[in-house]
Amino acid sequence: MKEGDRVRARLVLKTLESKFKVPSISKVAGDPFKVLVRTIISQSTAEINTRRAYENLSKKVALTPKGLAEADIKEIEEALFVAGLYRNKSRIIKTVSETILKDLGGSLDFIYSDPLEEAREKLLRLPGVGPKTADILLLFCAGKPVLPVDTHVNRVSKRLGFVPEKAGYEEVRKTLESLYTPKEYFKVHMLFISLGRKFCRALNPKHAECPVRHLCPSKT
Ligand code: SF4
């Protein structure tokens with residue numbers, strides 16, 4: 001981390017807070033298994049199609065490990081058709097449901113009671129669950145002090161110069177966690193996503209209109 005990053009990080013957060021609304025955590029949290037299913041559907045998929053696919057699925061099948069483990073894969077695929085990679089995602093959802101049922105007593109409630117690292121390790125052992133998905137569940141559902149790094153958070157953190165371009169998931173996460181306080185993690189996650197979607201897009205970022213342009217080393 002470079003000198004001055006802490007001050008810049010504070011100013012970035014303050015500026016983004018004045019520009020974007022942060023949803024209440026209760027709106028995105030809820031039952032951890034449902035959040036897991038939604039997160040798997042959302043991978044490389046626009047928010048609107050994620051919502052459609054999730055709603056389709058909830059109308060066809062009970063969104064529980066048992067319901068999805070016992071569901072016909074074709075039925076899951078039909079529901080997820082509007083989302084990209086629907087075959088792959090359907091297979092992951094079915095397999096992860098079977099594993100939760102078989103190895104974890106059909107519940108993800110351990111995320112509330114287990115210490116953070118233990119809960120994280122258990123989640124990471126599940127098929128199709130990577131660090132981002134695990135951290136989303138831990139923060140959104142159990143309020144654990146982790147800052148999930150999705151594609152937008154990763155890109156924005158690098159362009160703002162908080163982490164080197166080549167930094168991997170853990171380096172980005174730990175750097176952001178050290179720049180902000182646990183109480184701010186959810187807010188930072190959501191605000192960096194908003195910045196990444198509206199201005200700091202992967203292609204053709206809108207530097208000239210960006211609200212944190214004055215704090216960004218990549219604005220040219
Ligand atoms: S100035 Fe450009 S690179 Fe920097 S955060 Fe804004 S859009 Fe991203």
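Please refer to the structure placed before this passage.
Rules of the game
Residues numbered from 1 in each chain as written. Predicted model: local features only at pLDDT ≥ 70, side-chain atom pairs only at ≥ 80, totals over all residues. Axes fitted to C-alpha atoms, helices over the stretch in contact; angles between N-to-C directions. Helix = DSSP H or I, 4+ residues; strand = E, 2+ residues; numbered from the N terminus. Parallel < 35°, antiparallel > 145°, perpendicular 65-115°, else oblique. Left-handed = near helix turned anticlockwise from the far one by under 90°. Contact = placed C-beta atoms within 7 Å. Nonpolar A, V, L, I, M, F, W, Y, C, P; charged D, E, K, R; others polar. Buried ≥ 20, exposed ≤ 12 C-beta atoms within 10 Å, placed from the backbone. Expected span 1.5 Å × (residues − 1). Arc of directions from axis to C-beta.

Contact geometry of helix 3 (residues 32–42) with helix 4 (residues 47–60) gives a least axis separation of 9 Å together with a crossing angle of 135 degrees. With respect to their mutual orientation, helix 3 and helix 4 come out oblique. Where helix 3 crosses over helix 4, the two elements pack in a sense that is right-handed. Contact with helix 3, carried on its side by R38, I41 and S42, involves T50, A53 and Y54 of helix 4 and no other residues of that element. Of the residues contributing to the contact of helix 3 with helix 4, the split by class is 3 nonpolar, 2 polar and 1 charged.

Turning next to unusual backbone geometry. Although it is not a glycine, S44 sits at a positive phi angle of roughly 55 degrees. For S44, a count of 9 C-beta atoms within 10 Å corresponds to the exposed category. Here L85, not a glycine, exhibits a phi torsion of approximately 50 degrees, which is positive. Here L85 shows up in the loop between helix 6 (73–80) and helix 7 (86–103). The partly exposed category is assigned to L85, around which 15 C-beta atoms lie within 10 Å.

With that settled, the discussion passes to the environment of L57. Topologically, L57 is positioned in helix 4. For the pair L57 and E75, spaced 18 residues apart in sequence, the C-alpha to C-alpha distance is 8.4 Å. Apart from the residues lying within four places of it in its own chain, the contact partners of L57 are L63, I76, A79 and L80.

Here we come to helix 1 (residues 5–19). Taking 1.5 Å of rise per residue, the 15 residues of helix 1 would be expected to cover 21 Å, and the 21 Å separating its terminal C-alpha atoms lies within 8% of that figure. Within helix 1, the full set of buried residues consists of A9, V12 and L16. Taken around the axis of helix 1, the buried residues stretch over an arc of 60 degrees, which confines them to a single face. Of the exposed residues in helix 1, the ones pointing more than 90 degrees away from its buried face are V7, K14 and S18. Buried residues belonging to helix 1 abut helix 12 (169–179) and helix 13 (185–198).

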